[in-house]
Amino acid sequence: MFSKILIANRGEIAVRIIKTARRMGISTALVHSDADTGSLAYEMADETIHIGPSPAAQSYLIQDRIVEAVRRSGAEAVHPGFGFLSENPVFARRLEAEGITFIGPNPHAIEAMGDKITSKKFAAEAGVSTVPGHMGLIETTDHAVQIANEIGYPVMIKASAGGGGKGIRVAHSDDDMAEGFAAVKAEALTAFGDDRVFLEKFIIDPRHIEIQVLGDKHGNIVSLFDRECSIQRRNQKVIEEAPSPLLDDATRAAMSAQAVALARAVNYDSAGTVEFVAGQDRSFFFLEMNTRLQVEHPVTELITGVDLVEQMIRSAAGERMAFGQDDLKIDGWAIESRIYAEDPYRGFLPSIGRLVRYEQAEEGEHHSPTGPYVVRNDSGVREGDEISMFYDPMISKLCAWAPTRAGAVEGMARALEDTHLNGVGHNVPFLAAVMDQERFKSGKLSTSYIKDEFPDGFHGLSPDRRQTDILIAAAAAMNEVVTEASGDPSDRTDWIVLISQGNDKGEPHGISLSYDDDEALTLDLVGEDRALNLSHIDWRPGMAQFRAILDDEPFTAEVKRVADGFDIRHRAARARVRVLSPRLAELHARLPIKVAADTSKLIQSPMPGLVVAIPVVVGQEVKTGETVAIIEAMKMQNILKAERDGVVKAVSAKAGDPVAADDVLVEFG
């Protein structure tokens, strides 16, 4: 076994590898860029080696610097994590030539499966079901349009060297193909240094299901079963679970058999994932093979008990796999939510900045009214850390395991409640919304789930009856604490609680307060012939989370004091809540409603980024749907289109300009 390994990665995956290496008694050396100096992984590693400036192209992607770091550290092997050089066969071969062990599959397997065009051919030869498409290289837009018509729309445009949701578009027409083909080639060249593109048929209402495989250098290969990754946004996975709620035992066995057959065809000898697109009828077709550790590997670990990082290290060291297929079984259900620094209320646009507050859900076993659940949180950042513009905006991968899928869903919802972030936009409310949706609970998923359920974007959810009760009870309890702390306690027991969302004045709820001998708060709801019982209250002024038990069920709400009440969010329900005397409530109802500023004639940058192009000029007539600006951020090109016909009055930026969120790019007359 190795005595020291070098980790050629950053963030949460570097932290994840360090944890397993520590448990195995292996020392770790970590390479880092300027931006990652002082990071959590930096502080956890036994040794750190600086390899360059913050951009990945000047640090993590430079092979010479990684090899030099290995020599300096005396490490015997390199774990590449995922992304960066993890699927680069040239890098794997170079390490081999230098006498350094690559903790991953052999270079032949990486090369055969890493190129999406070549991998499709390998899969077909191995008897794996494949999607109809054109695997040859496509040089021109006209050629792409011709092929798309032969395949039949809708067609997926994909970068051959793509990954991580980048370099993918769906075309439904010749116009879509013409625009999308050029965009994918540009994204692919920027993100991967390779602008080759291929086309394949887009399966209607598809599901994304993958099989985890594991091999060693002695010819042993097993399947660690399936994961469902259908909840995606812009082809980027957001929520994953294991196993898939779609599959029956026969389909699971068939998919596993094909995945193992493909892995065996290339002598696969590490952890890898064979991805399939599946129809709602359980038909399935090979999509690609990822010859590395997957971001979503924790859910497989939770249902199998197998540490995939450990198995990768053992396989690279030449050890024989200590278990066979018959030793593996699915135990319970696991769900992973990817917590990103992105603002779901602004179209999920990336958010950068400092994590002013970061309170994580407590890891380990918990109990809810539906039963026990286990929380796991893989994170590479801490409170006070910076979310950089140079890398993917992932904050953590929050996981929940339970004996049943329903238990895992509820466990995840509770874990999301216990997660508090401030300083950057984040998608926790959105993730919580999905957990609360009946469609998700039923397991009726597809890759269009987010578009189907939130066609107009995410704006939060209206509180249901229990959430309304939580808003009332939390606001009333905090009002009591604030009044007491001010030194001017009131004997008033009758209050009006106003719950408002957006610009509405608020729905009034009359309450009458009383305490029992245990200092639990009872709220009698006027006119409803029922009462709320709030106990075990954990909050004081300055705390960002309010914890309590309402009617025997625990909850956590995110709270903030404001001038006229409290901003409270429970899962996806967010509201301004005011606790007023009946007279003040009457006066409040007479206040005029504030009208939002009109920005309908402005095209604003939805995020910080770089202007790629503004293809309009002053005086130009623009039709609805025409492109007016292209902004690049987080290696993705974002096309901004006119929402109505108009004439350009002013253009406020040009190609190459850096812009901030909400900067005006184009103004219409």
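A. Inspection of the layout of surface pockets at higher detail. The space that makes up the second largest pocket amounts to roughly 680 Å³. Around the second largest pocket sit 28 residues that line it, and Tyr-345, Glu-558, Asp-567, Arg-569 and Arg-574 are the ones nearest its centre. Grouping the constituent residues of the lining of the second largest pocket by class yields 11 nonpolar, 9 polar and 8 charged.

B. Structural view of helix H10 (residues 297-304). For H10, the buried fraction is high: 7 of the 8 residues fall into the buried class. Along H10, the positions that sit buried rather than exposed are His-297, Pro-298, Val-299, Thr-300, Glu-301, Ile-303 and Thr-304.

C. Region of the structure containing the pairing of strand S31 (residues 565-570). Taking burial as the measure, the 6 residues of S31 include 5 buried ones, the bulk of the element. In this structure, strand S30 (residues 553-562) lies alongside S31, joined through 5 bridges in antiparallel fashion. The partner of Val-562 across the bridge, within S31, is Gly-565. If you look at the hairpin formed by S30 and S31, you'll find 2 residues sitting between the two strands. Sheet analysis places S31 next to strand S32 (residues 573-580), joined by 5 bridges and oriented antiparallel. From the neighbouring strand, Phe-566 faces S32, where its bridge partner is Val-577.

D. Examining the packing of aromatic side chains more closely. Summed over all chains, the structure comprises 11 aromatic pairs. Where Phe-276 meets Phe-284, the ring centres are 5.4 Å apart and the plane angle is 90°; that geometry is what we call edge-to-face. Here Phe-276 matches Phe-284 in class, with each residue buried. Through a chain of ring-to-ring contacts, three or more aromatic side chains come together here, namely Tyr-345, Phe-348, Phe-430, Phe-454 and Phe-458. Cation over ring: Arg-405 sits above Phe-440, and NZ or CZ is 4.8 Å from the ring centre.

E. Looking closely at the nonpolar core. With 41 residues, the main nonpolar core has Ile-239, Ile-335, Ile-395, Phe-430, Met-435 and Phe-440 as its most contacted residues. Elements with a minimum of two residues in this core: strand S12 (236-242), strand S15 (333-340), strand S21 (371-379), strand S23 (394-402), helix H12 (405-417), helix H13 (428-436) and helix H15 (449-453). By size, the runner-up hydrophobic cluster in this structure holds 37 residues, among which are Ile-13, Met-24, Leu-30 and Met-44.

F. Here's a closer look at a nonpolar patch on the surface. Taken together, Ile-352, Met-389 and Phe-390 make up a surface patch of nonpolar side chains, about 270 Å² in accessible area. For Phe-390, a relative accessible area of 33% corresponds to the partly exposed category.

G. Structural view of the packing of helix H3 (residues 63-73) against helix H4 (residues 89-97). Packing of H3 against H4 leaves a shortest axis separation of 11 Å and a crossing angle of 30°. Comparing the axis directions of H3 and H4 gives the class roughly parallel. The handedness of the crossing between H3 and H4 is right-handed. Between H3, through Gln-63, Asp-64, Ile-66 and Val-67, and H4, the contact on the second element is made entirely by Val-90, Phe-91, Arg-94 and Leu-95.

H. Up close: helix H1 (residues 11-23). The terminal C-alpha atoms of H1 lie 19 Å apart, and with 13 residues this matches the ideal 18 Å at 1.5 Å per residue to within 8%. The element H1 is extensively covered by neighbouring structure, given that 10 of its 13 residues are classed as buried. All of the buried residues in H1 are Gly-11, Glu-12, Ile-13, Ala-14, Val-15, Arg-16, Ile-17, Ile-18, Thr-20 and Ala-21. Directly beyond the C-terminal end of H1, a positive phi value near 75° is found at Gly-25.

About the criteria used
- Residues numbered from 1 in each chain as written.
- Predicted model: local features only at pLDDT ≥ 70, side-chain atom pairs only at ≥ 80, totals over all residues.
- Heavy atoms only, no water.
- 1 Å grid on protein atoms, 1.4 Å probe; cavity = no way out; pocket = protein on both sides within 12 Å on 5 of 7 lines; lining within 4 Å.
- Points joined across faces, edges and corners; volume = space filled by probe spheres on them.
- Nonpolar A, V, L, I, M, F, W, Y, C, P; charged D, E, K, R; others polar.
- Buried < 20%, exposed > 50% of the residue type's maximum accessible area, 1.4 Å probe, protein only.
- Helix = DSSP H or I, 4+ residues; strand = E, 2+ residues; numbered from the N terminus.
- Pairing = 2+ DSSP bridges.
- Phe/Tyr/Trp six-rings, centres within 6.5 Å; stacked < 30°, edge-to-face > 60°.
- Lys NZ or Arg CZ within 6 Å of the ring centre and 35° of its normal.
- Core = buried A, V, L, I, M, F, W, Y, C linked by side-chain atoms within 4.5 Å.
- Patch = residues over 30% accessible without salt bridge, like charges linked within 9 Å, V, L, I, M, F, W, Y side chains within 5 Å.
- Areas by Shrake-Rupley, 256 points an atom, 1.4 Å probe, with all protein chains shown as cover.
- Salt bridge = Lys/Arg side-chain N within 4 Å of Asp/Glu carboxyl O.
- Axes fitted to C-alpha atoms, helices over the stretch in contact; angles between N-to-C directions.
- Parallel < 35°, antiparallel > 145°, perpendicular 65-115°, else oblique.
- Left-handed = near helix turned anticlockwise from the far one by under 90°.
- Contact = heavy atoms within 4.5 Å.
- Expected span 1.5 Å × (residues − 1).

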